[in-house]
Amino acid sequence: TAGNQIDAIDNQRYNINPALTLTYNDRTRLELHGKISRWRQLDYQGLPATGTITGNFRIDNDNFIGPANAPDSRSESDAVWGSLEHKLNRAWTLTLKARYADSAFDQQVQTLFGADSFAADRPLFGASSWGLMNAELYQHQQEFSVLGYGVGKFELDSSQHTLVIGADHSQLDDAGFIDSNLIAT
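Computed from a predicted model, the values in this text were never measured in an experiment.

Where do I start with the pattern of salt bridges in this structure?
Any two side chains of opposite charge can pair, given that their charged atoms come close. In this structure the tally under the stated criterion is 4 salt bridges. Of the charged contacts, one joins E76 and R74 as a salt bridge, the two residues approaching to 3.4 Å between their closest N and O atoms. Given a relative accessible area of 29%, E76 falls into the partly exposed group.

Just checking my understanding: could you explain the environment of V80 for this structure?
Structurally, V80 can be placed in strand β4 (residues 73-87). Overall, the relative accessible area of 46% leaves V80 in the partly exposed class. Placed 61 residues apart in sequence, V80 and Q141 show a C-alpha to C-alpha distance of 14 Å. In this view, V80 contacts H33, G34, A98, R99 and Y100; residues no more than four positions away in its chain are not counted.

Help me understand the packing of aromatic side chains, please; the structure alone is not making it clear to me.
Aromatic ring pairs are described here by two measures, namely the spacing of the ring centres and the angle between the planes. This model, assessed by the stated rule, comprises 1 aromatic pair. On the numbers, 5.5 Å between centres and 25 degrees between planes, the contact of Y138 with F177 is stacked. In this pair, Y138 is assigned in strand β6 (residues 131-156) and F177 in strand β7 (residues 159-184), connecting sequence segments 39 residues apart. The exposure class of Y138 is partly exposed, given its relative accessible area of 22%.

Thresholds applied
Residues numbered from 1 in each chain as written. Predicted model: local features only at pLDDT ≥ 70, side-chain atom pairs only at ≥ 80, totals over all residues. Heavy atoms only, no water. Salt bridge = Lys/Arg side-chain N within 4 Å of Asp/Glu carboxyl O. Buried < 20%, exposed > 50% of the residue type's maximum accessible area, 1.4 Å probe, protein only. Helix = DSSP H or I, 4+ residues; strand = E, 2+ residues; numbered from the N terminus. Contact = heavy atoms within 4.5 Å. Phe/Tyr/Trp six-rings, centres within 6.5 Å; stacked < 30°, edge-to-face > 60°.

Structural data, given as C-alpha cells:
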C-alpha cells in the first residue's frame, strides 16, 4: 500500500510468484510455477496548465480535481505453468510444457476537457471550469497453451545429429470494451 501527495490517490498492489521443482533421480524433472498479481488505484488525470503554472488563479498542486469516490482502476492476473522433462535413455528426452493464464484489466479514466479539447489548457466555460470525461477501458484474457516434444541425439556414420519432433496447441480468448461520458467540473 502506498500513499501519494495528491488527495485521494493511494494504491494497493501485491504479487505472489511461487515455484516448485521436483526431481526423481537424474532422469525426471518437474517444475511448477504460479503467479497471483493484484493492483488497485484511483486514476489520476493531472491538473491543467491554466491555474497551476499559468493564468490569473492558482490550483493547489496536491488537489485531485475529479470525484474522490470514483471507482478504482484495477488489474488482476493469475497464471500457472509447468514443465515435465524425462530422459528415456541416452538418446531420447521427452518434454511436456503447459500454461494457463487469466487476466483482467479495468481502467477507470478521468480526462480533462477544455475549450481546446483534450489539451485542456483553456477552461471549457468561465474562467476556471473544465469538463471531465469519464471513460472505462476493460479487457479480459484467458490463455491456454500446451507443447510437447521429443529430442533424439544420435550418430550416423561419422556425424552427430539431433532430431526434434513436437507439436503445440495454443488458445487465447480476448474480450473488452471502451465506454465514456462527459461531465462538468
